[in-house]
Protein chains: 2
Amino acid sequence: MTICLDMMGGDFAPLEAVKGLQRYFAEESTPAMLFLTGDEAQLNPLLAEYQIPADKVKVIHAPQVIGYHEHPTKALKEKQQSSIAIGFHLLATGKVDAFISAGNTGAMLVGSLFSIKAMEGVLRPTISTVIPKENGETGLLLDVGLNADCKPEHLNQFSILGSLYAKHILGYDNPRVALLNIGEEEGKGNLLAQATYPLLKENQEINFVGNVEGRDILLNKSDVMVCDGFTGNVILKMAESLFNITQQKNIHHEYFDKFDFEIYGGTPVLGVAKPVIIGHGISHAKAFCQMIRIAEKMISTGLMEKMKASFEGK
Amino acid sequence: MTICLDMMGGDFAPLEAVKGLQRYFAEESTPAMLFLTGDEAQLNPLLAEYQIPADKVKVIHAPQVIGYHEHPTKALKEKQQSSIAIGFHLLATGKVDAFISAGNTGAMLVGSLFSIKAMEGVLRPTISTVIPKENGETGLLLDVGLNADCKPEHLNQFSILGSLYAKHILGYDNPRVALLNIGEEEGKGNLLAQATYPLLKENQEINFVGNVEGRDILLNKSDVMVCDGFTGNVILKMAESLFNITQQKNIHHEYFDKFDFEIYGGTPVLGVAKPVIIGHGISHAKAFCQMIRIAEKMISTGLMEKMKASFEGK
């Protein structure tokens with residue numbers, strides 16, 4: 001399998017991306033061949049310095065970089081020689097099996113939606129986050145910001161995409177899917193939640209366990225939680241802030257270590273036709289390595305084919 | 001001033017309500033006369049046992065109680081002799097200046113909206129929560145569940161109600177009001193947030209400081225945060241769950257002590273014509289005492305009159 005990694009994305013690029021590769025190749029099983037997009041004048045010395053095995057990587061020179069504050073659509077169009085644009089080109093043309101970047105999130109989303117495109121039948125691709133549960137396990141929450149305004153049928157589709165991801169990537173046999181809501185019983189909630197509940201209840205492809213509330217997000221009540229991207233994004237960022245706050249206050253406990261979202265790598269864009277993983281801007285070596293592992297798993301488990309099969313003819 | 005306290009509301013009623021009174025009267029300044037609604041056969045021995053000063057309280061016998069699972073509208077209509085119905089009657093007829101209950105939340109909201117009613121000009125009364133900030137101060141978040149679906153003009157009104165509450169009750173001179181959103185810049189967010197931003201920006205009665213994100217909720221970026229009741233409720237319940245989780249895990253730190261929402265007492269229903277405070281079902285003595293203090297402050301600062309003046313002619 002071949003995975004393309006954007007070496008220029010992230011606040012600490014390209015150094016941390018190189019360190020991520022070092023970390024990856026230091027592990028036992030490294031089935032992936034890595035295509036690295038970025039400025040070869042910067043990359044080659046670093047790859048040598050960190051002793052990245054030359055037969056396992058291939059540098060694809062990209063003379064341009066899309067900055068953090070650039071307008072995604074405009075930048076992707078005008079910077080065709082950027083590390084992100086080239087990465088999407090490699091993925092779209094089948095030269096690689098997955099693409100990873102911690103660069104401009106907007107550009108990554110635009111590239112996913114317009115150059116890779118949604119799977120047939122998928123109304124809205126989505127992004128998710130792993131949520132640390134109180135019992136040490138991890139659940140999945142989606143959407144976390146790609147779709148600020150949602151319709152019930154979008155949430156219903158997220159539940160299928162999230163369920164398949166939880167099963168094949170997170171390892172849950174029969175993941176319990178819940179609707180994030182502001183009450184326990186059916187009929188509670190805002191208009192969106194009220195209209196979504198019956199769709200999830202009737203959905204034969206998921207193991208729907210009903211509503212969960214804010215108080216249940218960090219507990220082991222479900223494995224996959226669906227909500228609109230506004231609510232999900234607020235939850236994700238609030239959870240992320242807990243890690244910083246506890247660090248600053250010198251509150252050290254293994255529970256809060258799990259709120260270091262870097263350990264989970266990036267978020268895949270679920271519902272697009274090929275594996276795309278978006279990393280956080282502050283990604284360090286650990287996150288880059290973990291994103292390569294997620295991409296690997298998405299490829300080796302045939303997750304895309306399983307998702308496509310679920311939406312075929314819908 | 002006279003404040004009515006429902007003695008039968010809450011999981012530990014009437015005992016914890018009596019202990020709350022004891023706590024209140026043990027303090028130095030106790031300007032309020034308390035009207036206590038409930039079953040006098042249960043109350044009188046307890047009031048004697050806990051040495052509640054007889055000249056500072058007056059028991060109003062209420063032979064009925066509205067249970068937690070009763071339908072709010074139906075119960076209020078059918079149980080006119082319940083401690084909640086009598087409390088609202090006393091408040092509506094001007095016999096008391098404020099009403100407090102930790103009983104059936106739905107019945108408290110229905111009573112507030114239909115027997116006390118919204119102030120003139122207020123489209124939607126709202127409920128808020130105090131949010132512990134990382135620096136030890138407390139901010140205000142609203143709406144937290146009364147209005148699951150909101151329009152921009154609702155959020156704009158919440159910002160005024162919250163701002164006045166933060167100023168007169170929480171003691172912020174010129175409270176910084178923020179819009180909870182999923183991006184920093186104007187133009188970001190879901191349709192609601194996008195349409196609300198310009199209203200807040202133009203609102204001369206508040207000190208609008210722009211958007212805050214999920215990561216800012218627990219920081220000192222603003223003093224009042226407005227959002228729809230779905231998002232706010234999820235945030236509140238998630239924050240509440242942190243206290244339980246840290247307690248269970250024996251993570252003890254003064255920062256997490258602030259997530260014991262009982263210390264903040266209950267939530268006032270903002271935008272209704274008279275002071276109504278709703279307590280949490282699990283309220284103990286501390287919460288009851290604190291709710292009396294909040295009611296006192298709402299009366300003594302003339303908060304209702306200030307709010308009415310803000311909405312007059314709108």
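Note that the coordinates shown come from a computational prediction; the quantities given were computed from them, not determined experimentally.

What follows concerns the side chain of Asp-223 of chain A. All names here are of chain A. Mapping Asp-223 onto the fold places it in the loop between strand S8 (207–212) and strand S9 (224–226). Its relative accessible area of 4% is what places Asp-223 among the buried residues. A polar atom in the side chain of Asp-223 sits 2.8 Å from the side chain of Lys-133.

Glancing now at the nonpolar core. Among soluble globular proteins, nonpolar side chains are generally buried collectively. Residues Leu-21 and Leu-34 of chain A together with Leu-21 and Leu-34 of chain B are the most contacted members of the largest nonpolar core, which totals 225 residues. Aside from chain neighbours lying at most four places away, what touches Leu-21 of chain B is Leu-5, Met-7, Leu-34, Leu-36, Leu-47, Ile-52 and Ile-292 of chain B.

Here we come to the pairing of strand S2 (residues 33–38) of chain A. Along any regular strand the residues' side chains alternate between the sheet's two faces. All names here are of chain A. The buried fraction of S2 amounts to five of the six residues, a majority that puts the element mostly inside the structure. The pairing of strand S1 (residues 2–6) with S2 spans five bridges and is classified as parallel. Following the sheet pairing, Leu-5 is matched in S2 by Leu-36. As for the winding sense of the linkage, the β-α-β connection from S1 through helix H1 (residues 15–25) to S2 is right-handed. Relative to strand S3 (residues 57–61), S2 runs parallel, the two being bridged by five bridges. Counted as the bridge partner of Leu-36 is Val-59 from S3. Tracing the backbone out of S2, into helix H2 (residues 40–49) and back to the parallel element S3 gives a crossover that is right-handed.

The subject of this paragraph is the environment of Lys-297 of chain A. Residue and element names in this part refer to chain A. As for its placement among the helices and strands, Lys-297 is situated in helix H10 (residues 285–300). A C-alpha to C-alpha distance of 19 Å links Lys-297 and Ala-92, two positions 205 residues apart in sequence. Among all residues touching Lys-297, those that are not within four sequence positions of it are His-168 and Ile-169.

Mapping between the two copies of the chain is achieved by a rotation about an axis and a shift along the axis. Each copy superposes on the other: chain B lies on chain A with an RMSD of 0.0 Å after a rotation of 180° and an axial shift of 0.0 Å. A rotation of that kind, with that shift, is consistent with a two-fold axis. By C-alpha distance to the rotation axis, the residue of chain B lying nearest is Thr-231 of chain B, at 2.8 Å. The overlap is high: 100% of the interface residues of chain B also sit at the interface in chain A, so the same surface is used on both sides.

With that out of the way, let us pick up the domain arrangement of chain A. Many analyses report the size of an interface as the accessible area lost when the parts associate. Residue and element names in this part refer to chain A. As far as domains go, chain A holds domain 1 (1–119 + 271–302) and domain 2 (123–261). The interface of domain 1 with domain 2 comprises eleven residues on the first partner and nine residues on the second. Counting each side, the surface lost to burial between domain 1 and domain 2 is near 860 Å², with a carbon and sulfur contribution of 72%. On the domain 1 side of the interface with domain 2, the three residues burying the most area are Leu-109, Gly-271 and Lys-297, jointly 39% of the side's total. Where domain 1 meets domain 2, there are one salt bridge. Between Asp-260 and Lys-286 there is a salt bridge, and its shortest N-O distance comes to 3.2 Å. In this structure, the connection of domain 1 to domain 2 is made through two residue pairs in polar contact (both at pLDDT 80 or more). The biggest single contributor to the side of domain 1 that touches domain 2 is H10, with four residues. Residues that form the side of domain 1 that touches domain 2 fall into these classes: six nonpolar, three polar and two charged.

This part is about the interface of chain B and chain A. Facing 37 residues of chain B, the contacting portion of chain A comprises 37 residues. When the two sides are added together, the surface that chain B and chain A hide from each other amounts to roughly 3400 Å², 73% of it contributed by carbon and sulfur. Looking at the side of chain B facing chain A, the largest losses of area belong to Ile-182, Phe-230 and Met-238 of chain B, adding up to 22% of the total buried there. Our count for the chain B to chain A interface comes out at four salt bridges. Viewed at the interface, chain A and chain B are joined by six residue pairs in polar contact (both at pLDDT 80 or more). Elements with a contribution of two residues or more to the side of chain B that touches chain A: helix H7 (191–202), helix H8 (229–248) and helix H9 (254–257) of chain B. Top contributing element to the side of chain B that touches chain A by residue count: H8 of chain B, with 14 residues. Of the residues that constitute the side of chain B that touches chain A, the class distribution is 18 nonpolar, twelve polar and seven charged.

Residues and elements named next belong to chain B. Pairing in this open sheet of eleven strands is mixed, and the strands run S3-S2-S1-S4-S11-S10-S5-S6-S9-S7-S8 from one edge to the other. Looking at the sheet topology across the chains shown, the edges are occupied by strand S3 (57–61) and strand S8 (207–212). The mean angle between the axes of side-by-side strands here comes to 25°, regardless of whether they run parallel or antiparallel. Taken together, the three bridges between strand S6 (residues 138–142) and strand S9 (residues 224–226) define a ladder with parallel strand orientation.

Further remarks concern the packing of H1 of chain A against H10 of chain A. Residue and element names in this part refer to chain A. Following both chains from N to C, one finds H1 and H10 inclined at 60°, their axes separated by 7 Å at the closest point. Relative to H10, H1 is oriented oblique. Viewed along their axes, H1 and H10 form a crossing whose handedness is right-handed. Contact residues: H1 offers Glu-16, Ala-17, Lys-19, Gly-20, Leu-21, Arg-23 and Tyr-24, while H10 offers Ala-285, Lys-286, Phe-288, Cys-289, Ile-292, Arg-293 and Glu-296. For the contact of H1 with H10, the class distribution of residues is seven nonpolar, one polar and six charged.

For the rest of this paragraph, the subject is the packing of aromatic side chains. All names here are of chain A. Scanning the entire structure with this criterion turns up 15 aromatic pairs over all chains. Taken together, a centroid distance of 5.1 Å and an interplanar angle of 80° make the contact between Tyr-197 and Phe-208 edge-to-face. Of this pair, Tyr-197 sits in helix H7 (residues 191–202) while Phe-208 is found in strand S8, placing the two residues eleven residues apart along the sequence. Looking at Phe-208, the relative accessible area reads 17%, which means it is buried.

Another point: helix H4 (residues 83–92) of chain A. It helps to recall that an α-helix has 3.6 residues per turn; residues three or four apart then point in one direction. Residues and elements named next belong to chain A. For H4, the buried fraction is high: eight of the ten residues fall into the buried class. Among the residues making up H4, those that are buried are Ser-83, Ile-84, Ala-85, Ile-86, Gly-87, Phe-88, Leu-90 and Leu-91. Remark: Gly-94 follows H4 within two positions and exhibits a positive phi of approximately 80°.

Now for the sheet that holds S8 of chain A. Residue and element names in this part refer to chain A. Taking strand neighbours across the sheet as the criterion, the eleven strands line up as S3-S2-S1-S4-S11-S10-S5-S6-S9-S7-S8 in an open arrangement whose pairing is mixed. Of all strands in the sheet, those with a lone pairing partner are S3 and S8, marking the two edges. Shown here is a sheet whose adjacent strand axes are inclined to one another by a mean of 25°, direction ignored. In terms of strand pairing, strand S10 (residues 267–270) meets strand S11 (residues 276–278) through two bridges, oriented antiparallel. By the bridge assignment for S11, Thr-267 is matched with Ile-278.

Cut-offs applied
- What you see as residue numbers is a count from 1 along each chain, following the sequence as written.
- By the order in which they are written, chains take letters starting at A while ligands take numbers starting at 1.
- Owing to the predicted nature of the model, reporting of local features is limited to residues with pLDDT of at least 70; listing and counting of side-chain atom pairs is limited to 80 or more, with chain, interface and lining totals taken over all residues.
- Water and hydrogen atoms were dropped before computing side-chain values, which therefore reflect all heavy atoms in the structure.
- To qualify as a helix, a DSSP run of H or I must reach at least 4 residues; to qualify as a strand, a run of E must reach at least 2; elements of each kind are numbered from the N terminus.
- Residue exposure (1.4 Å probe, protein chains only): buried if accessible area is under 20% of the type maximum, exposed if over 50%, otherwise partly exposed.
- Think of a polar contact as two N or O atoms within 3.5 Å of one another; within protein, one of them needs to be a possible hydrogen donor and the other a possible acceptor, and neighboring residues in sequence only count if both atoms come from side chains.
- Residues belong to a common nonpolar core when they are buried Ala, Val, Leu, Ile, Met, Phe, Trp, Tyr or Cys residues joined through side-chain atoms within 4.5 Å.
- For this analysis, residues touch if any pair of their heavy atoms sits within 4.5 Å.
- When DSSP locates at least two bridges between a pair of strands, those strands are taken to pair.
- A right-handed crossover is one whose linking path, passing over the helix from the first strand to the second, runs clockwise when the strands point away from the viewer.
- Our superposition of the copies is a least-squares fit, built on the C-alpha atoms of residues whose pLDDT is at least 70 in both.
- Domain start and end points were adopted from an automatic or database domain assignment.
- Put simply, buried area is the surface a 1.4 Å probe can reach on two separate parts but cannot reach once they are joined, added for both.
- Basic side-chain nitrogens of Lys or Arg form a salt bridge, by our definition, when they fall within 4 Å of a carboxyl oxygen of Asp or Glu.
- Just so you know the grouping, Ala, Val, Leu, Ile, Met, Phe, Trp, Tyr, Cys and Pro go in nonpolar, Asp, Glu, Lys and Arg go in charged, and all remaining residues, Gly too, go in polar.
- Axis definition: a line fitted to C-alpha atoms, limited for helices to the stretch in contact. Angles are taken between N-to-C directions and run from 0 to 180 degrees.
- Here the angle decides the label: under 35 degrees means roughly parallel, over 145 means roughly antiparallel, 65 to 115 means roughly perpendicular, and every other value means oblique.
- Handedness of each helix crossing follows the sense of rotation of the near helix against the far helix: counterclockwise by less than a right angle gives left-handed, clockwise gives right-handed.
- Classification of ring pairs rests on two measures: the distance between centres of Phe, Tyr or Trp rings, Trp counted by its six-membered ring, which must be within 6.5 Å, and the angle between planes, read as stacked under 30 degrees, edge-to-face over 60 and tilted in between.

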